[in-house]
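# Survey of secondary and tertiary structure
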Amino acid sequence: MRRVLRADPSRRTPQIAAKPGLNRAWLARAYRAVAGEGLRDTARRYRTERAIRLLGASALPIAQVAAQTGFADRSHLNRALKALTGRTPVQVRAEAG
C-alpha cells in the first residue's frame, strides 16, 4: 500500500480500494490500524517529504516545488510543511543551503 502512495500520492482511498476490489471503508480502517495514520496523512507526508528534498536540492521557485509535489499552491505547501515540521519552505531551503 505504501508503495502505491509513493508512486502516486494523489490517489485517494476509493481509487486504491477499487483495484483489488476492496471496500473503501474497510481499507481505510485496516490501513490506519497497520500504519498508524490514515491514507490521506501518509500521502500528505510523502508529498511534503518530497518537497523538502526538492527545496534542499534545487533552486526551483517554491511555487514550482509546490506544483511538482502535488500541492495546490505555495501557501498549501507552506501549511503542510509547517504542520509536519514546524518550518516554512524558506526555512527548509536555508537550512539545506
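The coordinates are above.
We now turn to the structure provided with this report. (Residues numbered from 1 in each chain as written. Predicted model: local features only at pLDDT ≥ 70, side-chain atom pairs only at ≥ 80, totals over all residues. Heavy atoms only, no water.)

### What to know about the pattern of salt bridges
Within this structure, the stated rule accounts for four salt bridges. Of the charged contacts in the structure, one is a salt bridge between Arg44 and Asp41, with a shortest N-O distance of 3.5 Å. Of this pair, Arg44 and Asp41 both sit in helix α4 (residues 39–57), separated by three residues, roughly a single helical turn. Among the residues examined, Asp41 registers a relative accessible area of 29% and is labelled partly exposed. Note that Arg87 is salt-bridged to Glu95, the shortest N-O span being 2.2 Å. A residue is classified by how much of its surface remains accessible, and Arg87, at 25% relative accessible area, is partly exposed. When its relative accessible area of 53% is taken as the criterion, Glu95 is described as exposed. (Salt bridge = Lys/Arg side-chain N within 4 Å of Asp/Glu carboxyl O. Helix = DSSP H or I, 4+ residues; strand = E, 2+ residues; numbered from the N terminus. Buried < 20%, exposed > 50% of the residue type's maximum accessible area, 1.4 Å probe, protein only.)

### Considerations on the environment of Val90
Residue placement: Val90 occurs in helix α7 (residues 89–96). We classify Val90 as partly exposed; its relative accessible area is 49%. The spacing of Val90 and Leu55 is 35 residues in sequence and 8.5 Å in space, taken between C-alpha atoms. In contact with Val90, not counting residues within four places along its chain, are Ile62 and Arg74. (Contact = heavy atoms within 4.5 Å.)

### Digging into the packing of aromatic side chains
Two aromatic rings are characterised by how far apart their centres lie and by the angle between their planes. Under the definition given, this model contains zero aromatic pairs. Its end group placed over the ring of Phe71, Arg47 keeps NZ or CZ at 4.6 Å from the ring centre. (Phe/Tyr/Trp six-rings, centres within 6.5 Å; stacked < 30°, edge-to-face > 60°. Lys NZ or Arg CZ within 6 Å of the ring centre and 35° of its normal.)

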